[in-house]
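Letter by letter, the chains look like this.
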Amino acid sequence: MKALHVLCVRKATSEEEGDRLVSTWVEELLEQASMVIESYVSLINDSSVSQSKDPYETPKSDRIRKKDVQNIQEKKASAKVSNSASQIIPAIFTIGALVLICPKTKIEGLATIMQALITSTNKPLNCEVALLKEEINDGVHAQAWVTLGKMCLANHELAKSCVPLFLQVFFS
């Protein structure tokens, strides 16, 4: 990130043009990282909603047994979560790096998502997915904390509003 920042500044003919170039690519990267995070959050929410369905619901097809349907759904959910998990941590890291490079970026929605990732405690019912999700949550939580800290360094108002969250986690 820092190298890209230096390249943009050196490529520009004036300081204003350099700032404009930096702001442009920061906004593009933030948009891409936000999409990755939002897809991760929706996958996690979808998997927890699908697991909370009625366990006695019969499958629509008589040929497919309920256990087979559940196994297929669990494998699909596990694959989607693991694929999304490979992208979520670098996306969160990218947001933190971008906030430090360009502190004037709009981060209100992203700060809320980081706080939600930090405070989320969803645990799936399936043991295999639970182990996978627990590993993901540890990495996601750690990176979300670091990124939220970077956001607080860039925005003092956000830092003031995050004090209760910091205290809640510190004393729990």
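A few points on the structure. Bear in mind the structure is a predicted one, so any value in this text is a computation, not a measurement. (Residues numbered from 1 in each chain as written. Predicted model: local features only at pLDDT ≥ 70, side-chain atom pairs only at ≥ 80, totals over all residues. Heavy atoms only, no water.)

Quick notes on the environment of Val-22
Then, in step 1: When you line up the elements, Val-22 lands in helix α2 (residues 15–51).
Then, in step 2: A residue is classified by how much of its surface remains accessible, and Val-22, at 5% relative accessible area, is buried.
Then, in step 3: Beyond its immediate chain neighbours, meaning those up to four positions away, Val-22 contacts His-5, Cys-8, Val-9 and Ile-101. (Helix = DSSP H or I, 4+ residues; strand = E, 2+ residues; numbered from the N terminus. Buried < 20%, exposed > 50% of the residue type's maximum accessible area, 1.4 Å probe, protein only. Contact = heavy atoms within 4.5 Å.)

Section: the packing of aromatic side chains
Then, in step 1: Enumeration over the complete set of coordinates arrives at two aromatic pairs.
Then, in step 2: Between the aromatic rings of Phe-170 and Phe-171, the centroid separation amounts to 5.0 Å while the plane-to-plane angle is 75 degrees, which identifies the pairing as edge-to-face. Each member of the pair, Phe-170 together with Phe-171, is exposed. (Phe/Tyr/Trp six-rings, centres within 6.5 Å; stacked < 30°, edge-to-face > 60°.)

Notes on the packing of helix α4 (residues 108–119) against helix α6 (residues 156–170)
Then, in step 1: Between α4 and α6, whose axes approach to 12 Å, the crossing angle comes to 15 degrees. What the angle tells us is that α4 and α6 run roughly parallel. Crossing of α4 over α6 shows right-handed handedness. Note on element contacts: α6 touches α4 through Leu-158, Cys-162 and Leu-165, opposite Ala-111, Gln-115 and Thr-119.
Then, in step 2: Of the residues that constitute the contact of α4 with α6, the class distribution is four nonpolar, two polar and no charged. (Axes fitted to C-alpha atoms, helices over the stretch in contact; angles between N-to-C directions. Parallel < 35°, antiparallel > 145°, perpendicular 65-115°, else oblique. Left-handed = near helix turned anticlockwise from the far one by under 90°. Nonpolar A, V, L, I, M, F, W, Y, C, P; charged D, E, K, R; others polar.)

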